[in-house]
Amino acid sequence: EAGVAQSPRYKIIEKRQSVAFWCNPISGHATLYWYQQILGQGPKLLIQFQNNGVVDDSQLPKDRFSAERLKGVDSTLKIQPAKLEDSAVYLCASSGDRGFTMNTEAFFGQGTRLTVV
Amino acid sequence: AQSVAQPEDQVKVAEGNPLTVKCTYSVSGNPYLFWYVQYPNRGLQFLLKYITGDNLVKGSYGFEAEFNKSQTSFHLKKPSALVSDSALYFCAVRDGRGSTLGRLYFGRGTQLTVWP
């Protein structure tokens, strides 16, 4: 079974520039998550999709971050404009080939390491 | 509010010795608890989860975790550590109520080092 695919693996941009990350979840997984992991901290949920609908985006800084999941499959996360404090690893995860349940574990991609200079 | 605490930033053990990585949690409703491991430049890998039932949960790579409801703890254990177990370990709890139903909260992580 193929895992969660993310690209690019690394990205370096200047502040105020824009950047986009792409994620392809495990086939058949209805739930897709984007997490931000700042160095020395645990991952923090940015947004959670169920199919192509948003179920939790309360921690997404909507003035600069946006995400979409067209057709309920792959997803993109965009930052515009980027700030220095956005430097982090952005992790995509998916779960639930039988729909979302509380006991379903999430499977993570390798992440995109973003450095804003 | 839901939260997860991993009180130790680092744990160091000798190969062959037992290891414990500690986790305590605070959650509304029934706890859904998970352990993940992260190797350098890799994503998080699922190790095990507690749902209901037996308080001792067995997972991947010989790891197990002990759920203790009265102490609100979910400590990760392994009877005999390997050098290859050296990695960053995260405890997580799933929110069981309210507007954040289903959200997964992670601890800060514990760096495990196993020396030969």
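Residues numbered from 1 in each chain as written. Chains lettered and ligands numbered in written order. Predicted model: local features only at pLDDT ≥ 70, side-chain atom pairs only at ≥ 80, totals over all residues. Heavy atoms only, no water.

Peer 1: I'm lost on the sheet that holds strand 1 (residues 5–7) of chain A in this one. Help?
Peer 2: Each strand in a sheet pairs with another by means of backbone hydrogen bonds, the pair being arranged parallel or else antiparallel. All names here are of chain A. Read from one edge to the other, the open sheet built from 4 strands follows the order 1-3-8-7, with strand pairing classed as antiparallel. In this open sheet, the two edge strands, each paired with only one partner strand, are strand 1 and strand 7 (65–68). Adjacent strand axes in the sheet meet at a mean angle of 15 degrees when their direction is disregarded. Across 5 bridges, the pairing between strand 3 (residues 19–24) and strand 8 (residues 75–79) is antiparallel. Pairing of Val19 across the sheet is with Ile79, part of strand 8. (Pairing = 2+ DSSP bridges. Helix = DSSP H or I, 4+ residues; strand = E, 2+ residues; numbered from the N terminus. Axes fitted to C-alpha atoms, helices over the stretch in contact; angles between N-to-C directions.)

Peer 1: Help me out: how do you make sense of the environment of B:Lys49 in this one?
Peer 2: Secondary-structure assignment places B:Lys49 in strand 6 (residues 44–50). Judged by relative accessible area, B:Lys49 falls into the partly exposed class, the value being 26%. A sequence separation of 15 residues divides B:Lys49 from B:Glu64, and the C-alpha atoms of the two residues are 9.4 Å apart. Among all residues touching B:Lys49, those that are not within four sequence positions of it are A:Asn103, A:Thr104, A:Glu105, B:Leu33, B:Phe34, B:Val57 and B:Phe74. There is a polar contact of 2.7 Å between the side chain of B:Lys49 and the side chain of A:Glu105. (Buried < 20%, exposed > 50% of the residue type's maximum accessible area, 1.4 Å probe, protein only. Contact = heavy atoms within 4.5 Å. Polar contact = N/O pair within 3.5 Å; in protein donor to acceptor, adjacent residues only side chain to side chain.)

Peer 1: Whenever I open this one, the interface of chain A and chain B confuses me. Can you help?
Peer 2: Quite often, the size of an interface is put as the accessible area lost when its parts meet. On the chain B side, the residues contacting the 26 residues of chain A number 23 residues. When chain A packs against chain B, the two sides together hide about 1900 Å² of surface, and 50% of this comes from carbon and sulfur. At the boundary of chain A with chain B, the tally comes to 2 salt bridges. The residue A:Asp56 makes a salt bridge to B:Arg103 at a minimum N-O spacing of 2.8 Å. Here chain A and chain B share 8 residue pairs in polar contact (both at pLDDT 80 or more) between them. Those elements that place two or more of their residues in the side of chain A that touches chain B are strand 4 (31–37) and strand 5 (44–50) of chain A. If one sorts the elements of the side of chain A that touches chain B by residue count, strand 4 of chain A sits on top with 3 residues. By residue class, the composition of the side of chain A that touches chain B is 10 nonpolar, 12 polar and 4 charged. (Buried area = accessible area lost by both parts, 1.4 Å probe. Salt bridge = Lys/Arg side-chain N within 4 Å of Asp/Glu carboxyl O. Nonpolar A, V, L, I, M, F, W, Y, C, P; charged D, E, K, R; others polar.)

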